[in-house]
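Fold and contact review
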Amino acid sequence: MFKSFFLNRQWFWWAWLGSALILVASWYQVELDVEINEWFGTFYDTVQKALGEPGSVTFGEYMAEMMTFLRIAGIYIFIAVVLDFFIKHFIFRWRTAMNDYYMAHWHVVRNIEGAAQRVQEDTMRFARIMEGLGVSFMRSMLTLFAFLPLLWDLSANVTELPWIGEVSHSLVYVAILSAASGTVLLAVVGIKLPGLEFQNQRVEAAYRKELVYGEDHEDRADPPSVLELFGHVRKNYFRLYFHYLYFDVARYSYLQATVLVPYIALAPTIVSASITLGVMQQIVRAFGRVENSFQYLVNAWPTIVELMSVYKRLRAFEDHIKTYEKHGGQPRPMPAE
């Protein structure tokens, strides 16, 4: 899954320089997001001044703030579109490297149950998941590195926490505790999901395999066999639906509750009028960015479950190949593109 791309000379430029380009471009995106956060502070202070003192802000000054936002947002959109386009090509090259590696060993693994599915579907799913999950993880880390110092500084404006009192740089600790509690909660509640997803792919593969045999052989895919195999599929799906039911209750309840966390933490500061509207907006947005970065596992848990299932199947596939190579077997060369 990894060495076929990152340790293969054929894919050196795509794997390493491509990764570096994605990292740099993503960091620039985060820096633009920081600029937008600063703009929100200035803009809402301008709005507060204009509403509190009629005539204190001219129409030109107000529109100048709009143009500042459009300039930053325009650059952000351009970088986002070009970067996402490049990432799609990057991920497909990764899938191509995996496909070439597996097909070079097809004579070794072709008899493994679900081999065709693992080469075609699992590599496709792995690529799709890495596009979403891997890139979002990198962006979460970069966002955390950029906004955590900002939230640390902005926390100096917070006078005290409700029911607790004064805590230096309190919002950073609140964000960490909020995200950590959600991560632990969902890890406990969703502990059975990876195994069920793995089992789900096994029963789907068995059902698909029988249907494929039925295309060429009249004695295969007969009604009793199909009914039994599909019964296994149905049973596993219903179990999966049940476990996802209470998992989703916990997940969505937690995510909705966290919307109020920064406003509750800021309650004493707001009611004492210790900050302006602009500073409050900066704090809330920075808090949200930091909290969301810490909540990466919470937001991505269903996708992580799917990735674990795909990884288990491809790992077993590769273990078979490694055993063959350990005994002196050689892969078959793939034709050059």
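Residues numbered from 1 in each chain as written. Predicted model: local features only at pLDDT ≥ 70, side-chain atom pairs only at ≥ 80, totals over all residues. Heavy atoms only, no water.

Let's shift gears to the overall build of the protein chain. Along its length, the protein chain carries twelve helices and zero strands. Of the regular secondary structure in the protein chain, the N- to C-terminal order runs α-α-α-α-α-α-α-α-α-α-α-α. Relative to the 2.2 N^0.38 estimate, which gives 20 Å for 337 residues, the radius of gyration of the protein chain is 26 Å and therefore markedly larger than a compact globule would have. Seen through its principal axes, the protein chain has C-alpha atoms that stretch 85 × 45 × 35 Å. Taking all 337 residues of the protein chain together, 44% fall into the buried category. In the protein chain, of all internal contacts separated by at least 6 residues, the share reaching a separation of at least 24 is 82%. For the protein chain, the exposed surface amounts to about 18,800 Å²; the carbon and sulfur share of it is 65%. Within the protein chain, one finds 29 positive and 33 negative side-chain charges whose respective centroids are separated by 9 Å. (Helix = DSSP H or I, 4+ residues; strand = E, 2+ residues; numbered from the N terminus. Rg over C-alpha atoms; globule rule 2.2 N^0.38 Å. Buried < 20%, exposed > 50% of the residue type's maximum accessible area, 1.4 Å probe, protein only. Contact = heavy atoms within 4.5 Å. Areas by Shrake-Rupley, 256 points an atom, 1.4 Å probe, with all protein chains shown as cover. Lys, Arg positive; Asp, Glu negative; His and termini not counted. Charge placed at Lys NZ, Arg CZ, Asp CG, Glu CD.)

Another point: the packing of aromatic side chains. On inspection of all chains with the given rule, the structure shows 19 aromatic pairs. Taking the centre distance of 5.5 Å and the plane angle of 75° together, the rings of F43 and Y44 count as edge-to-face. On the accessibility criterion, F43 (10% relative accessible area) is buried. With a centroid separation of 6.5 Å and 80° between ring planes, the pair formed by F90 and W94 is classed as edge-to-face. Remark: W94 and F90 occur in helix α3 (residues 59-104); sequence separation between them is four residues, near one turn of the helix. W94 shares its class with F90; the two are buried. (Phe/Tyr/Trp six-rings, centres within 6.5 Å; stacked < 30°, edge-to-face > 60°.)

So, on to the UniProt feature "transmembrane region" (unreviewed entry) in the protein chain. The sites that carry the UniProt feature "transmembrane region" (unreviewed entry) are, in the present numbering, residues 12-30, 69-87, 133-152, 172-193 and 260-280. Secondary structure across residues 12-30 comprises 100% helix and 0% strand; the distance between its end C-alpha atoms is 27 Å. Helix makes up 67% of residues 260-280 and strand 0%, with an end-to-end C-alpha separation of 14 Å. (UniProt positions renumbered as here; feature names shortened; annotations may be inferred.)

Mapped onto the fold, E65 is located in helix α3. Here E65 sits buried without a salt bridge, and the closest side chain of opposite charge, R71, lies 9.5 Å off (N-O distance). Setting aside residues no more than four positions away along its own chain, E65 makes contact with W39, T42, F43 and T46. (Salt bridge = Lys/Arg side-chain N within 4 Å of Asp/Glu carboxyl O.)

Here the focus is the nonpolar core. Of all hydrophobic cores here, the largest spans 66 residues; its most connected members are F5, W94, Y102, F126 and L171. Looking at which element gives the most residues to this core, the answer is helix α5 (residues 115-154), with 15 residues. Core analysis: the next-biggest nonpolar cluster, separate from the first, contains seven residues, L32, I36, W39 and F40 among them. (Core = buried A, V, L, I, M, F, W, Y, C linked by side-chain atoms within 4.5 Å.)

Okay, the packing of helix α2 (residues 12-52) against helix α11 (residues 277-294) next. Interhelical geometry of α2 versus α11 gives an angle of 155° and a closest axis separation of 6 Å. The angle between the axes of α2 and α11 places the two elements in the roughly antiparallel class. Handedness of the crossing formed by α2 with α11: right-handed. Contact residues: α2 offers D33, I36, N37, E38, F40, G41, Y44, D45 and Q48, while α11 offers L277, G278, V279, Q281, Q282, R285, A286 and R289. Along the lines of polarity and charge, the residues of the contact of α2 with α11 split into six nonpolar, six polar and five charged. (Axes fitted to C-alpha atoms, helices over the stretch in contact; angles between N-to-C directions. Parallel < 35°, antiparallel > 145°, perpendicular 65-115°, else oblique. Left-handed = near helix turned anticlockwise from the far one by under 90°. Nonpolar A, V, L, I, M, F, W, Y, C, P; charged D, E, K, R; others polar.)

With that out of the way, let us pick up a nonpolar patch on the surface. A contiguous nonpolar patch, built from W163, I164, V259, L260 and I264 and spanning about 620 Å² of accessible area, is present on the exposed surface. Mapped onto the elements of the fold, I164 is located in the loop between α5 and α6 (170-189). Take I164: its relative accessible area is 63%, and that puts it in the exposed class. (Patch = residues over 30% accessible without salt bridge, like charges linked within 9 Å, V, L, I, M, F, W, Y side chains within 5 Å.)

The next point concerns the environment of Y207. Looking at where Y207 falls in the secondary structure, it is placed in helix α7 (residues 193-216). The spacing of Y207 and A175 is 32 residues in sequence and 46 Å in space, taken between C-alpha atoms. Among all residues touching Y207, those that are not within four sequence positions of it are V226, L229, F230 and V233.

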